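Chain and residue survey
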Amino acid sequence: MKRVYNFNAGPSPMPLEVLEEIREEMTDFGGTGMGIIEMSHRSAEFQALLDETKDLLRDLMALTPDHEIVFIQGGGTMQFLMEGMNFIHTRAAYADTGVWAHKARDAAGFFGETYDASSAKDKDFSYIPKTYDIRPDTDYLHITTNNTIYGTEYWEFPDVDVPLVCDMSSDILSREMDFNRFSLIWAGIQKNLGAAGCALAILKKDFLATARTDIPEYFRYQTFVDKDSTYNTPPVFCIYTLNKMLHWIRRLGGLAAVEARNRKKADTIYSVIDASGGFYKGHAAKEDRSRMNVTFNLATPEMEADFAAQAKANDFIGVKGHRLVGGCRVSLYNAVTPEAAEALADFMKEYERTHG
């Protein structure tokens, strides 16, 4: 069986051992004689899976009891709408760190005033702003913890006097942090935690109590809490893959072990960039570099296209930059192995040697 080096930005690789577990259970989950995608979401077996998945999240994230966890179809794009629909009463602040922050702000703007409390636009989103201008009667500040397109990541979080809402889609459970400081965390799971098609949302109960009720029932977070994510048929397979990934993280040694592994992978690629004498030009400011998405440029767009083509010919998949900004991007999500990062680093050194 051929397996390539997968650096796609999402959907993203899953550990081979997890994929093999899924394959083994595809026709018989838990001795039921049915696959997980065949059974009722009202069954005791699925409810047990749902409960265990929430317990695993609470344990790995060290969440305090004042949190609710729900699973919602529609991915991050649905969450752009739902956070504003539920929690904007007057206005909401957004940290302008790139494309996904813009999309979140603009989607929420259908339900009230939204504004940029900070912006990294002046330097092409190559850094994380460190100050925030919060207007009176602001309902929350939204941040995107990791910016997949520009390759920046928060290492210190805003200290503000309003609830902190966080899109953690591309770095959730990639490192240790105090998850309890956020009033709302949501994340599409398809980068670090499973199959595409589901977002998980983690809400503090006191923040949830402030949510608007003059909105359709399906779009209320409270509905998903009250119905335990089964108001309608939930994304069963996605939740199943999330469960498998959480068990895998636990087997690795939890978030401390995951963070050490991810730091090693990122250091492997950044060291090649930094040692290249400008052959590879990193986009992000060093203090704000992402461990999840390494972004860089070569001398010309033509050379970048050649680099991506030669990488693909050598089974390094997904290193072309986002279509909006070009360049190159290496995504190092949880399931990418250190060996894959080392192999790509060797390819990058050889490409520099033959083209420098």
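This section reports on the structure supplied with the text.

So, on to the overall build of the chain. Along the chain, the regular secondary structure elements total ten helices and 14 strands. Referenced to the eigenvectors of the C-alpha coordinate spread, the extents of the chain come out at roughly 60 × 55 × 30 Å. A fraction of 66% describes how many contacts in the chain between residues 6 or more apart in sequence connect residues 24 or more apart. As displayed, the chain has an accessible area near 14,900 Å², and 49% of this comes from carbon and sulfur atoms. Of the charged side chains in the chain, 38 are positive and 51 negative, and the gap between their average positions amounts to 3 Å.

Okay, the sheet that holds strand β14 (residues 328–331) next. The strand order across the open sheet formed by three strands is β11-β12-β14, and the pairing between neighbours is antiparallel. Each edge of the open sheet is held by one strand with a lone partner, namely β11 (281–282) and β14.

Using the criterion set out here, one finds 24 aromatic pairs in the structure. Pairing Tyr94 with Tyr140 gives two aromatic rings, centres 6.0 Å apart and planes at 70°, and the pair type is edge-to-face. Remark: Tyr140 occurs in strand β5 (residues 138–144) and Tyr94 occurs in strand β3 (residues 91–96); sequence separation between them is 46 residues. Residue Tyr94 is classed as buried on the basis of its relative accessible area, which comes to 1%. Ring geometry for Phe316 versus Phe347: centroids 5.4 Å apart, planes at 40°, classification tilted.

Right, let's talk about the sheet that holds strand β8 (residues 164–167) for a bit. What the seven strands build is an open sheet, ordered β2-β10-β9-β8-β5-β3-β4; its pairing is mixed. Edge positions in the sheet fall to β2 (67–73) and β4 (113–119), since each has one partner strand and no second. The sheet shows a mean angle of 20° between the axes of neighbouring strands, direction not considered. Helix α2 (residues 44–61) contacts β2, β9 (184–188) and β10 (198–204) of the sheet and is inclined by roughly 125° relative to β2.

We now examine the pattern of salt bridges. Scanning all chains against the criterion turns up 20 salt bridges. Here Asp116 and Arg105 are joined by a salt bridge, their closest N and O atoms 3.0 Å apart. Of the two residues, Asp116 sits in strand β4 while Arg105 sits in helix α4 (residues 99–108), which places them eleven residues apart along the sequence. Judged by relative accessible area, which is 34%, Asp116 ranks as partly exposed. For Arg105, a relative accessible area of 16% puts it in the buried group. In this structure, Glu342 engages Lys264 in a salt bridge whose closest nitrogen and oxygen atoms are separated by 3.9 Å. Here Lys264 lies in helix α8 (residues 254–274) and Glu342 lies in helix α10 (residues 338–355), a separation of 78 residues in the sequence. Through salt bridges that share partners, Glu17, Glu21, Glu25, Lys244 and Arg251 make up one connected network.

Time to look at the pairing of β9. Side-chain positions along a regular strand alternate between the two faces of the sheet. With five of five residues buried, β9 lies mostly within the body of the structure. Going residue by residue along β9, you find Leu184, Trp186 and Gly188 tucked away on one face and Ile185 and Ala187 tucked away on the opposite face as well. Two elements, β8 and β9, share three bridges in a ladder whose sense is parallel. Bridged to Cys166 within β9 is Ile185.

Conventions and cut-offs
- Residues numbered from 1 in each chain as written.
- Predicted model: local features only at pLDDT ≥ 70, side-chain atom pairs only at ≥ 80, totals over all residues.
- Heavy atoms only, no water.
- Helix = DSSP H or I, 4+ residues; strand = E, 2+ residues; numbered from the N terminus.
- Contact = heavy atoms within 4.5 Å.
- Areas by Shrake-Rupley, 256 points an atom, 1.4 Å probe, with all protein chains shown as cover.
- Lys, Arg positive; Asp, Glu negative; His and termini not counted.
- Charge placed at Lys NZ, Arg CZ, Asp CG, Glu CD.
- Pairing = 2+ DSSP bridges.
- Phe/Tyr/Trp six-rings, centres within 6.5 Å; stacked < 30°, edge-to-face > 60°.
- Buried < 20%, exposed > 50% of the residue type's maximum accessible area, 1.4 Å probe, protein only.
- Axes fitted to C-alpha atoms, helices over the stretch in contact; angles between N-to-C directions.
- Salt bridge = Lys/Arg side-chain N within 4 Å of Asp/Glu carboxyl O.

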